[in-house]
Amino acid sequence: MRRAIHVLGVIALTLIGGIPVHAAEKLKIIASFSILADITKTIGGDVIDVESLIEPGADAHMFEPRPIDIKRLSEADMIVMNGLGFEPWLDRLKPSSKKAPLRVIASESIVPLPFDHKDHAHHNASDHDAFDPHAWQDVGNVRLYARTIAAALGSHDPAHQALYSENLSRYDAALAKLDQDIRNKIAAIPETRRKLVTTHDAFGYFEKAYGVEMIAPLGVAPEAQPSAKDLARIIRQIRADSIPAVFLETMIDPRLAQQLAAESGAKIGGTLYSDTLSAKNGPAGTYIAMMETNIRALTDALAP
Ligand SMILES: [Zn+2]
């Protein structure tokens, strides 16, 4: 009897070994930009392949898909996008008739902010829709992004649903802790110093969630150039409101911020990451590392 079981066991193993097919195939997912790729990979782990279409460090606002990108998109099982007008090129892309990849809009369940919550000279309406797309700057929103992505993965790939929801719970706990850390660190900055100038209007959600005023002389898109009049206006504002710091943004020509600092007397803060992660081994290789790097830069520059 024992021997019979053993023989059956060997046969079963042989059969399993002989099935190379679908069970082992990973879901192919393209995320539109690096922050979404990181969130998706954190939830999907080893059972999915995720690539970011826009590479870390590249300017998402200037992106135009090349033919190779369109091919990659059409071959994916799933496309994870931000929505809120952040990927106008993807909205323009007609899905090919065969099997169109599932499109997941990560921001689907957040409460979007209108873009006119501040009065900027360089509002570039062609780049964005009526809503501010930079919702990931509020960690609370990323908890919702993660939920949306996990649900999409689970319904597309029910075999790994338990894994996705387990990874989601772990990630959600880490995000909740990150959110609280940011609040604690900002609470330690004197209230009158919780304001700064940045070079890209990407922090509306951060301002609203965490109570730091972030003035962006350039308006929305990094490619918009400030006029001499804009610069003069912002320098007056820095002096009048005693704004402690000016921050460079990853994708911006640093000369602008240096000029602002020299003429206004504000301190130049470090880099605030807005729309892209750094390279994997850089200071903002993941979304959580990015937010930690940002809050460290804020705290360093705004502390008295
Ligand atoms: Zn942006």
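Calculation notes
- Residues numbered from 1 in each chain as written.
- Predicted model: local features only at pLDDT ≥ 70, side-chain atom pairs only at ≥ 80, totals over all residues.
- Heavy atoms only, no water.
- Axes fitted to C-alpha atoms, helices over the stretch in contact; angles between N-to-C directions.
- Helix = DSSP H or I, 4+ residues; strand = E, 2+ residues; numbered from the N terminus.
- Parallel < 35°, antiparallel > 145°, perpendicular 65-115°, else oblique.
- Contact = heavy atoms within 4.5 Å.
- Nonpolar A, V, L, I, M, F, W, Y, C, P; charged D, E, K, R; others polar.
- Salt bridge = Lys/Arg side-chain N within 4 Å of Asp/Glu carboxyl O.
- Pairing = 2+ DSSP bridges.
- Core = buried A, V, L, I, M, F, W, Y, C linked by side-chain atoms within 4.5 Å.
- Buried < 20%, exposed > 50% of the residue type's maximum accessible area, 1.4 Å probe, protein only.
- Domains from an automatic or database assignment.
- Left-handed = near helix turned anticlockwise from the far one by under 90°.
- pLDDT = per-residue confidence, 0-100.

Q: Whenever I open this one, the packing of helix α6 (residues 161–187) against helix α10 (residues 287–302) confuses me. Can you help?
A: A pair of packed helices is captured by two measures, namely the crossing angle of their axes and the spacing between those axes. Axis separation between α6 and α10 bottoms out at 10 Å; the angle between their running directions is 5°. Considered as vectors, α6 and α10 are oriented roughly parallel to each other. Taken together, the residues of α10 that come into contact with α6 (itself represented by Tyr171, Ala174, Leu175, Leu178, Ile182, Lys185 and Ile186) are Tyr287, Ile288, Met291, Glu292, Ile295 and Thr299. Here the residues of the contact of α6 with α10 are counted per class, giving ten nonpolar, one polar and two charged.

Q: Looking at this structure, how should I read the pattern of salt bridges?
A: Where charged atoms from two side chains of opposite charge approach closely, those side chains can pair. Counted by the stated rule, this structure contains ten salt bridges. We note a salt bridge from Asp181 to Lys177, for which the minimum N-O separation is 3.2 Å. Here the residue Asp181 and the residue Lys177 both occupy positions in helix α6, the gap between them amounting to four residues, near one helical turn. If you follow the salt bridges from partner to partner, you end up with Glu51, Arg66, Asp69 and Arg72 in one network.

Q: Whenever I open this one, the sheet that holds strand β2 (residues 48–52) confuses me. Can you help?
A: Sheet strands line up and pair through hydrogen bonds in the backbone, either parallel or antiparallel. The strand order β2-β1-β3-β4 describes an open sheet built from four strands, whose pairing is parallel. The strands lining the two open edges of the sheet, one partner per strand, are β2 and β4 (102–105). Along the sheet, successive strands turn relative to each other by an average axial angle of 25°, direction set aside. As paired strands, strand β3 (residues 78–81) and β4 are joined by four bridges and run parallel to one another. When the sheet's bridge partners are listed, Val80 is paired in β4 with Val104. Docked against the sheet, helix α2 (residues 34–44) engages β1 (27–31), β2 and β3, running at close to 170° with respect to β2.

Q: Which parts of the structure should I look at to understand the nonpolar core?
A: In a soluble, globular protein the nonpolar side chains are often hidden away together inside. Within the largest apolar cluster, 73 residues are counted, with the highest numbers of intra-cluster contacts made by Ile39, Ile43, Phe206 and Tyr287. When residues of this core are assigned to their parent elements, the largest contribution, nine residues, is made by α10. Counting contributing residues per domain, this core is built from domain 1 (22–178) and domain 2 (188–302), each supplying no fewer than three. Ignoring sequence-local partners within four residues, the contact set of Phe206 consists of Gln137, Ile182, Ile186, Gly211, Val212, Met214, Met291, Ile295 and Leu298. Judged by nonpolar contacts, the second largest core, of twelve residues, contains Leu231, Ile234, Ile243 and Ala257.

Q: Mind showing me how you'd approach the packing of α2 against helix α5 (residues 139–156) here?
A: Running from N to C, α2 and α5 point in directions that differ by 55°, and their axes come no closer than 10 Å. What the angle tells us is that α2 and α5 run oblique. Crossing of α2 over α5 shows right-handed handedness. Mapping the contact onto sequence places Leu36, Ile39, Thr40, Ile43 and Gly44 in α2 and Val142, Tyr145, Ala146, Ile149, Ala150 and Leu153 in α5.

Q: Honestly, the confidence of the model for the protein chain in this entry has me stumped. Any pointers?
A: When pLDDT is low, close inspection of the predicted coordinates is not appropriate. Mean pLDDT over the protein chain works out to 84, with 81% of the residues at or above the 70 mark. Under a pLDDT of 50 for its full length, residues 1–21 has, in the predicted model, zero contacts with residues more than four places off or in other chains. Confidence drops under pLDDT 50 across residues 117–128; counting only partners more than four residues distant or on other chains, this segment forms 37 contacts.

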